[in-house]
Amino acid sequence: MAAGLLFKVVGFCVWALLWLGGSATVSTTTTAFAGGEAVVVDARSAVGVTDDDFVCATLDWWPPDKCDYGTCSWGHATLLNMNLSNKILLNAVKAFSPLKLRLGGSLQDMLIYDTGDSGQPCTPFTKNTSAMFGFSQGCLPLHRWDELNAFFQKSGARIIFGLNALNGRVPMPDGSLGGPWNYTNAVSFIHYTVNKGYDIHGWELGNELSGSGVGARIDADQYAADVIALKHIIDSSYEGKPSKPLVLAPGGFFDAAWFTELVSKTKPNQMDVITHHIYNLGPGVDDHLIEKILDPSYLDGEASTFSNLQGILKAAGTSAVAWVGEAGGAYNSGHHLVTDAFVFSFWYLDQLGMSSKYDTKSYCRQTLVGGNYGLLNTTTFEPNPDYYSALLWHRLMGNMVLSTTFNGTNKIRAYAHCARDSQGITLLLINLNGNNTNHIYITSEGAQTQSARKESRRFGHIPVVGEAADLTREEYHLTPKDGNLQSQQVLLNGNVLATDANGDIPKLEPVQVQGTQPITVGPYSIVFAHIPSFYAPACR
């Protein structure tokens, strides 16, 4: 009882300081005597701005006999074979309104389009151990492209298409592939797409050909020339249209020197988006993936990539922005019961939070469905835990990113954004510790309460504790079923999330909490807290 009263008094002190101080700094020491830990949010200005459709997912080309470490995890869950009439799949995409989808992956640079100009039969990918990635050249039949676009239109998806960048290349003495891109087949495919009225948000050139490459590589100088060629193709193909798709490249792993040259030779506006891939956890066969995911210092290691890329863009004076074009965490299809289980939301949400702090505009998760890292189950399309993490982020975290620090253990990861389509802010808290429950207060630099915003006078009615207690926030607590980090079922505020008999995505309902109370973050849990009474100048 006494402790509860103390929490209320402390909460009121924080509230009153926010109200009285206006844009002044609110000290975290306000809560220290209560034994509380504090998140400090700098509400004065945004440190980054994301796209409204920041959350993105990928769809790949792998055939069912794509196997890694003796496991074949792709099934019929890719662009050429997935069941587009599945209700859960449709509803899962529609729930985002819109979900950005990047169509591509390793085999995209071995894919031809059946437009009649290639002079080759339209045959599927087949096993060939001597070919790159172990498969022969494949083909996208136009009737399948029509089916895919019918699904995209029905689901409201926003499409990025990855083009084959290896057509026309010849081996070079240094081991790279050289010569200009032969874009004949790509142009006819783009023209077919335009003539059919299919809405494409962006065209991306190539997959993992940057730097030392994966399977093949192309020098940055040649790649820049090819990107400029694609830009001219897009400008010509969409001439007279109300809008033109984005031009994206290179869809590869970050290499500072290579990326610097590409940006320099395509500035100021020949390339709209520079895309990079992230598989920082290593191979899917690694038995230490969970240890890495729960290690704050390991998670922090990726910050340098985001920071360095932003530095390159700012120094170059280019209009290009950064996206993560593909991120599965663990390469070679991920790891069952890790990258498709609850524990992976720690890595995934931390990546979303960290990348957005460095002005990354969009983050594409490998995959929507397919492999062992899908947001949806490869066979049933039932959402895995990360799907709900992604959906909560999309609905709660706005595009204005606020600087956020936590004064306690490094096992708590904290991120804050202006709330999406609502007042106040949304705070994301991730507890990587399985033993401790944290009671966390939020303080600020530069925040104002609702009363301070409405009142023109610096001092006016100061609410009593009972009135302050009427200020509430909405909390969404995610925990694994039965406390098992490797569970593929997630609880929201104690209730299992699952689709219903009609394949509908469940409602994501918050719990209402008094604003004077600390945010309770349980062991191995994730909390989104929407705080509507937190008025940040950055969010106006």
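Please refer to the structure placed before this passage.
The model shown is predicted, which means the values in this text are computed figures rather than measured ones. Throughout this description, residue numbers start from 1 for each chain and increase along the sequence as written. Residue-level local features of this predicted model are given only where pLDDT is at least 70; pairs of side-chain atoms are given and counted only at 80 or more, and the full residue set underlies all totals for whole chains, interfaces and linings. Calculation of side-chain values draws on the structure's entire complement of heavy atoms; hydrogens and water are dropped beforehand.

## Points about the state of the cysteines
Just so we agree on the cut-off: The criterion for a disulfide is a pair of cysteine sulfur atoms lying within 2.5 Å. Think of it in three bands: with a 1.4 Å probe and only protein chains considered, a residue is buried below 20% of the maximum accessible area for its type, exposed above 50%, and partly exposed in between.
Counted according to the given criterion, the structure contains four disulfides. Put simply, Cys67 and Cys72 are joined by a disulfide, and their sulfur atoms are 1.9 Å apart. Since a negative S-S torsion denotes a left-handed disulfide, the Cys67-Cys72 link at about 90° is right-handed. Given a relative accessible area of 31%, Cys67 falls into the partly exposed group.

## Looking at the packing of helix α11 (residues 344-357) against helix α12 (residues 385-396)
Heads up, the condition is: Between N-to-C directions, angles cover 0 to 180 degrees, with each direction set by a line fitted to C-alpha atoms, over the stretch in contact for helices. To qualify as a helix, a DSSP run of H or I must reach at least 4 residues; to qualify as a strand, a run of E must reach at least 2; elements of each kind are numbered from the N terminus. Relative orientations are named as follows: roughly parallel for angles under 35 degrees, roughly antiparallel for angles over 145 degrees, roughly perpendicular for angles from 65 to 115 degrees, and oblique for any other angle. Handedness of a crossing is defined here by the sense of rotation of the near helix relative to the far one, left-handed for an anticlockwise turn of less than a right angle and right-handed for a clockwise turn. Contact criterion: two residues are considered in contact whenever any of their non-hydrogen atoms come within 4.5 Å of each other. In this count, Pro and Cys sit with the nonpolar residues alongside Ala, Val, Leu, Ile, Met, Phe, Trp and Tyr, while Asp, Glu, Lys and Arg are called charged and the others, Gly among them, polar.
Look at α11 against α12: their axes get within 9 Å of each other, and the N-to-C directions meet at 30°. One finds that α11 runs roughly parallel with respect to α12. The hand of the α11/α12 crossing is right-handed. Listed contacts from α12 to Phe344, Ser345, Tyr348, Leu349, Leu352, Gly353 and Ser356 of α11 are Pro385, Asp386, Ser389, Ala390 and Trp393. Of the residues assigned to the contact of α11 with α12, the class counts are seven nonpolar, four polar and one charged.

## Observations regarding the side chain of Ser487
Within the secondary structure, Ser487 sits in the loop between β20 (472-480) and β21 (490-492). If sequence neighbours within four positions are ignored, Ser487 has contacts with Ala341, Phe342, Pro385, Pro480 and Lys481.

## Topic: the layout of surface pockets
Short version of the rule: Think of a 1 Å grid over the protein atoms and nothing else: a 1.4 Å probe that fits but is trapped marks a cavity, an open set flanked by protein within 12 Å on at least five of seven lines marks a pocket, and residues with an atom within 4 Å of a point count as lining. Grid points are joined across faces, edges and corners, and a volume is the space filled by probe spheres set on the points.
Taken as a whole, the largest pocket holds about 460 Å³ of empty space. Every residue lining the largest pocket is counted, 22 residues in all, and those nearest its centre are Gly197, Tyr198, Asp199, Ile200 and His201. Secondary-structure elements contributing two or more residues to the lining of the largest pocket are α4 (142-155), β6 (158-163) and α5 (184-195). A total of four residues in the lining of the largest pocket trace back to one element, the largest contributor, which is α4. Among the residues making up the lining of the largest pocket, the classes are represented as eleven nonpolar, seven polar and four charged.

## What about the packing of aromatic side chains?
Put simply, the test is: Pairing of aromatic rings covers Phe, Tyr and Trp, the last counted by its six-membered ring, and requires centre-to-centre distances within 6.5 Å; plane angles under 30 degrees mean stacked, over 60 mean edge-to-face, and any other angle means tilted.
Here the structure, examined in full by the defined rule, presents 27 aromatic pairs. With a centroid separation of 6.5 Å and 90° between ring planes, the pair formed by Trp62 and Phe133 is classed as edge-to-face. Linking Trp62 in the loop between β2 (55-59) and α3 (87-94) with Phe133 in the loop between β4 (111-113) and β5 (138-140), this pair joins segments that are 71 residues apart in sequence. Taking relative accessible area as the criterion, Trp62 reaches 5% and is therefore assigned buried. By relative accessible area, Phe133 is classed as partly exposed at 28%.

## Some points on the sheet that holds strand β11 (residues 273-278)
The line we're drawing: Any two strands with at least two DSSP bridges between them are considered paired.
Here eight strands make up a closed barrel; going around it, the order is β2-β3-β6-β9-β10-β11-β13-β15 and the pairing parallel. Along the sheet, successive strands turn relative to each other by an average axial angle of 25°, direction set aside. Here β2 pairs with strand β15 (residues 362-365) via three bridges, running parallel. Bridging from a neighbouring strand, Ala57 pairs with Arg365 of β15. The sheet contacts of α11 involve β2, β11, β13 (321-327) and β15, and relative to β15 the element is tilted by about 160°.

## Considerations on the environment of Asn164
Let me state the cut-off plainly: Pairing of N or O atoms within 3.5 Å defines a polar contact, subject to two protein rules: one partner must be a possible hydrogen donor and the other a possible acceptor, and residues neighboring in sequence count only if both atoms are side-chain atoms.
Relative to the assigned elements, Asn164 resides in the loop between β6 and β7 (170-171). Residue classification places Asn164 among the buried residues on the basis of a relative accessible area of 2%. On a C-alpha basis, the gap between Asn164 and Tyr113 in space is 9.4 Å, while along the polypeptide they are 51 residues apart. Those residues in contact with Asn164 that lie beyond four places of it in its chain are Gln108, Asp109, Met110, Leu111, Tyr113 and Trp181. Side-chain polar atoms of Asn164 contact the backbone oxygen of Leu111, separated by 3.0 Å. Polar side-chain contacts of Asn164 include one of 2.9 Å to the backbone nitrogen of Leu166.

## Considering helix α10 (residues 303-316)
As a reminder, the rule being used: Multiplying one less than the number of residues by 1.5 Å gives the expected span of a helix.
Its 14 residues give α10 an end-to-end C-alpha distance of 20 Å, which sits within 8% of 20 Å, the value for a rise of 1.5 Å per residue. Of the positions making up α10, those classed as buried are Ala303, Thr305, Phe306, Leu309, Gln310, Ile312, Leu313 and Ala316. Backbone geometry just downstream of α10 places Gly317 in the positive-phi region, at approximately 70°.

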